[in-house]
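# A structural walkthrough
Given next are the chains, with one letter for each unit.
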Amino acid sequence: MDNDRPLKILYLSAEVVPFAKTGGLADVAGSLPKAIHSLGHDIRVAMPRYGRIDPLKFDLKEVLPPFPIPMDRQTEEVSVLQGQLAPEIPVYLVENTKYYDRDGIYMYPDDAERFILFCRSALEMTHRLDWRPDVIHCNDWHTAIVPNWLKTVYHDDPFFAHTASVYTIHNLAYQGVFGYRVLEIAGIAEYGFMYHPEMADLAEVVDFMARGIYFADAINTVSETYAREILTPECGEKLDPILRDRSDRLFGIVNGIDYEVMNPATDPYIARTFDADHLDLRVNNKLALQQEAGLDVDASVPLTGIVSRLTDQKGFDILGNVIDHLLDLNLQVVVLGTGDPHYHEMFSRLSQTYPGRAVVFLTFNAALAQKIYAGSDMFLMPSRFEPCGLGQMLAMRYGSVPIVRSTGGLADTVCDWDPRTGVGNGFSFERYDRWALFAAIVRALENYRYPETWRKLQVNGMTADFSWQASARKYVELYRRAMSNQTSERTVQAEASAEQ
Ligand code: ADP
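## Thoughts on the nonpolar core
Grouped together as the largest cluster of nonpolar side chains are 132 residues, with contacts concentrated most on F19, V146, W149, I213 and Y479. The biggest single contributor to this core is helix α3 (residues 111-129), with nine residues. Residue contributions to this core reach at least three from each of two domains, namely domain 1 (8-256 + 469-499) and domain 2 (279-463). If near-sequence neighbours (up to four positions away) are discounted, W149 is found in contact with I116, C119, R120, L123, Y154, H155, A186 and I188. Counting 36 residues, the second largest nonpolar core, distinct from the first, contains A358, F438, I441 and W454.

Have a look at this one:
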């Protein structure tokens with residue numbers, strides 16, 4: 001195989017910045033393709049055209065008029081609109097009023113059907129565009145059916161004879177588990193449930209994530225530490241047996257962030273742009289944030305930021321157990337997030353109890369997120385588990401010092417401060433325990449008292465390389481590995497059938 005040949009890659013994601021976002025998946029889908037394109041490859045993105053995506057705002061143009069997609073022994077009509085991620089990176093948006101013209105992105109009872117329709121449309125679309133991908137890069141459970149199809153219903157389709165699949169696990173906790181009907185809707189009922197001797201449940205449910213892992217030609221997750229952690233029963237979310245079986249084709253590739261969009265030197269949302277050589281200017285963002293958030297305006301009080309989905313994964317139970325003690329110390333907290341009602345209540349109570357010192361915004365607001373990265377002194381991510389985490393990298397890019405639990409991608413990107421050597425870009429703790437978290441915050445506050453030390457921490461974070469450059473090259477290697485796995489598997493199959 002020609003190892004330098006530019007590749008054609010179809011990148012499938014349920015959310016993509018700037019079209020639709022609920023979390024890190026959208027950031028990755030909006031930035032990794034740009035880095036892969038800059039390495040000389042033809043990468044194209046596909047996603048559903050949700051009702052919230054305004055065709056006028058994104059200048060979307062119809063590229064495929066309505067065509068039928070097999071669904072549940074019938075057909076469903078879809079059309080395809082085209083937008084751009086960058087001048088030479090098309091984004092294909094699959095349009096169907098019944099399934100996508102709704103306010104939200106997920107959490108509908110027919111989500112399985114919605115994403116089956118999206119994936120099947122994306123495959124059929126490549127046929128109609130006569131654009132034959134070398135690799136289909138699938139992300140999370142929403143697109144995990146594609147590797148399964150390539151090995152079953154599309155196996156004998158000459159158009160996909162040389163198409164390999166890569167499956168990226170962004171979060172193993174969301175697996176997309178449904179009942180038998182889903183197999184009928186997807187047209188693979190004749191192949192039945194999956195079976196694994198150590199996973200009795202699999203014989204009774206359709207677990208999309210498990211299918212992606214089982215059928216993809218190469219698999220990865222979004223940090224090296226998480227790739228190791230998910231092989232264990234503690235972190236494997238019940239899929240560790242199948243992940244261990246596949247460990248020869250499972251890799252960890254840490255996410256990057258979009259250095260063009262997320263840049264404190266040019267960010268249009270923040271009060272004062274700055275960079276690592278002009279850190280003195282940064283305080284203007286802190287004062288503006290305190291003002292806008294209704295906190296006491298005081299440059300000397302350490303300000304801690306949180307921008308996050310408010311779920312158990314993110315460690316807010318241990319934070320909740322210790323936060324009153326924290327607010328007895330001299331610090332302020334600003335929280336931006338949405339999620340479990342339980343945490344909405346917890347943070348609302350906090351802001352009522354400590355007016356001027358704690359404030360919560362229970363909403364999704366990208367501009368405010370950037371103001372928090374640029375204006376907070378510290379950024380809190382005490383996650384129970386964290387596949388990669390982007391918040392800590394964005395915080396460091398903007399000079400906010402992360403305080404994190406050392407797990408998954410947080411362990412791979414945040415290096416605990418060592419005052420003796422001056423090495424480190426944040427504070428981390430190991431045990432998932434409120435007092436371990438408390439101690440890490442106290443350590444951060446202690447260091448905050450010394451401006452030179454603090455500046456060193458900030459500069460270490462701001463000058464670290466969290467761009468996509470290195471990781472994009474690793475993805476290209478992964479694509480080539482998937483292609484070679486796919487070719488070998490086909491060769492073995494062909495030899496076996498010739499012998500019969
Ligand atoms: P996850 O993907 O688990 O939600 P990440 O840290 O990988 O966590 O990515 C979260 C992304 O979503 C970051 O870009 C963060 O800034 C953004 N984000 C999370 N919550 C909000 C919110 N309420 N408003 C704006 N941006 C948010």
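Moving on from the coordinates now.
## Details of the site of the ligand
The full set close to the ligand counts 20 residues, and G24, D27, R309, K314 and Y373 are the nearest of them. At a separation of 3.2 Å, an oxygen atom of the ligand approaches a polar backbone atom of G391. In isolation the ligand has 560 Å² of accessible area, and contact with the protein removes 91% of it. Residue assignment for the shell around the ligand shows that the elements contributing at least two residues are α1 (24-38), β12 (303-310), β13 (332-339), α13 (366-375) and α14 (391-397). Taken together, the residues that form the shell around the ligand break down as eight nonpolar, eight polar and four charged. Looking at which domains feed residues into the shell around the ligand, each of domain 1 (8-256 + 469-499) and domain 2 (279-463) supplies at least three.

## Quick look at the sheet that holds strand β10 (residues 218-221)
With mixed pairing, the nine strands of this open sheet are ordered in space as β3-β4-β5-β2-β1-β6-β7-β10-β11. Whereas interior strands pair on both sides, the edge strands pair on one side only; in this sheet they are β3 (61-71) and β11 (250-252). Averaged over all pairs of adjacent strands, the angle between their axes in this sheet comes to 25°, without regard to strand direction. Pairing of strand β6 (residues 135-139) with strand β7 (residues 164-169) involves five bridges; the strand directions are parallel. By the bridge assignment, V135 is partnered in β7 with A164.

## Observations regarding the packing of helix α9 (residues 283-293) against α13
Between α9 and α13, whose axes approach to 8 Å, the crossing angle comes to 130°. Regarding the angle of α9 to α13, the classification is oblique. Here α9 runs over α13; the crossing is left-handed. Of the residues in α13, those in contact with N285, K286, L289 and E292 of α9 are L368, K371, I372, A374 and G375. Within the contact of α9 with α13, the residues separate by chemical class into four nonpolar, two polar and three charged.

## With respect to the domain arrangement of the protein
Examined at the domain level, the protein breaks down into domain 1 (8-256 + 469-499) and domain 2 (279-463). Tallying the contact residues gives 18 residues for domain 1 and 15 residues for domain 2. Here domain 1 meets domain 2 over a buried area of about 1,200 Å², counting both sides, of which 61% is carbon and sulfur. When residues of domain 1 are sorted by the area they lose upon contact with domain 2, T225, Y226 and N255 head the list and together hold 26% of the total. Viewed at the interface, domain 2 and domain 1 are joined by zero salt bridges. Along the contact surface separating domain 1 from domain 2 lie eight residue pairs in polar contact (both at pLDDT 80 or more). Counting residues per element, the ones that place at least two in the side of domain 1 that touches domain 2 are α1 and α7 (224-229). A total of four residues in the side of domain 1 that touches domain 2 trace back to one element, the largest contributor, which is α7. Of the residues in the side of domain 1 that touches domain 2, the class split is five nonpolar, eight polar and five charged.

## Some remarks on the pairing of strand β14 (residues 358-361)
The side chains of a regular strand alternate between both faces of the sheet. The sheet contact formed by β13 and β14 spans four bridges and is parallel. When the sheet's bridge partners are listed, V333 is paired in β14 with A358. The handedness of the β13 to β14 crossover, carried by helix α12 (residues 341-353), is right-handed.

What counts and what doesn't
- Residues numbered from 1 in each chain as written.
- Predicted model: local features only at pLDDT ≥ 70, side-chain atom pairs only at ≥ 80, totals over all residues.
- Heavy atoms only, no water.
- Core = buried A, V, L, I, M, F, W, Y, C linked by side-chain atoms within 4.5 Å.
- Buried < 20%, exposed > 50% of the residue type's maximum accessible area, 1.4 Å probe, protein only.
- Helix = DSSP H or I, 4+ residues; strand = E, 2+ residues; numbered from the N terminus.
- Domains from an automatic or database assignment.
- Contact = heavy atoms within 4.5 Å.
- Near = heavy atom within 4 Å.
- Polar contact = N/O pair within 3.5 Å; in protein donor to acceptor, adjacent residues only side chain to side chain.
- Areas by Shrake-Rupley, 256 points an atom, 1.4 Å probe, with all protein chains shown as cover.
- Nonpolar A, V, L, I, M, F, W, Y, C, P; charged D, E, K, R; others polar.
- Pairing = 2+ DSSP bridges.
- Axes fitted to C-alpha atoms, helices over the stretch in contact; angles between N-to-C directions.
- Parallel < 35°, antiparallel > 145°, perpendicular 65-115°, else oblique.
- Left-handed = near helix turned anticlockwise from the far one by under 90°.
- Buried area = accessible area lost by both parts, 1.4 Å probe.
- Salt bridge = Lys/Arg side-chain N within 4 Å of Asp/Glu carboxyl O.
- Right-handed = clockwise from strand over helix to strand, strands pointing away.

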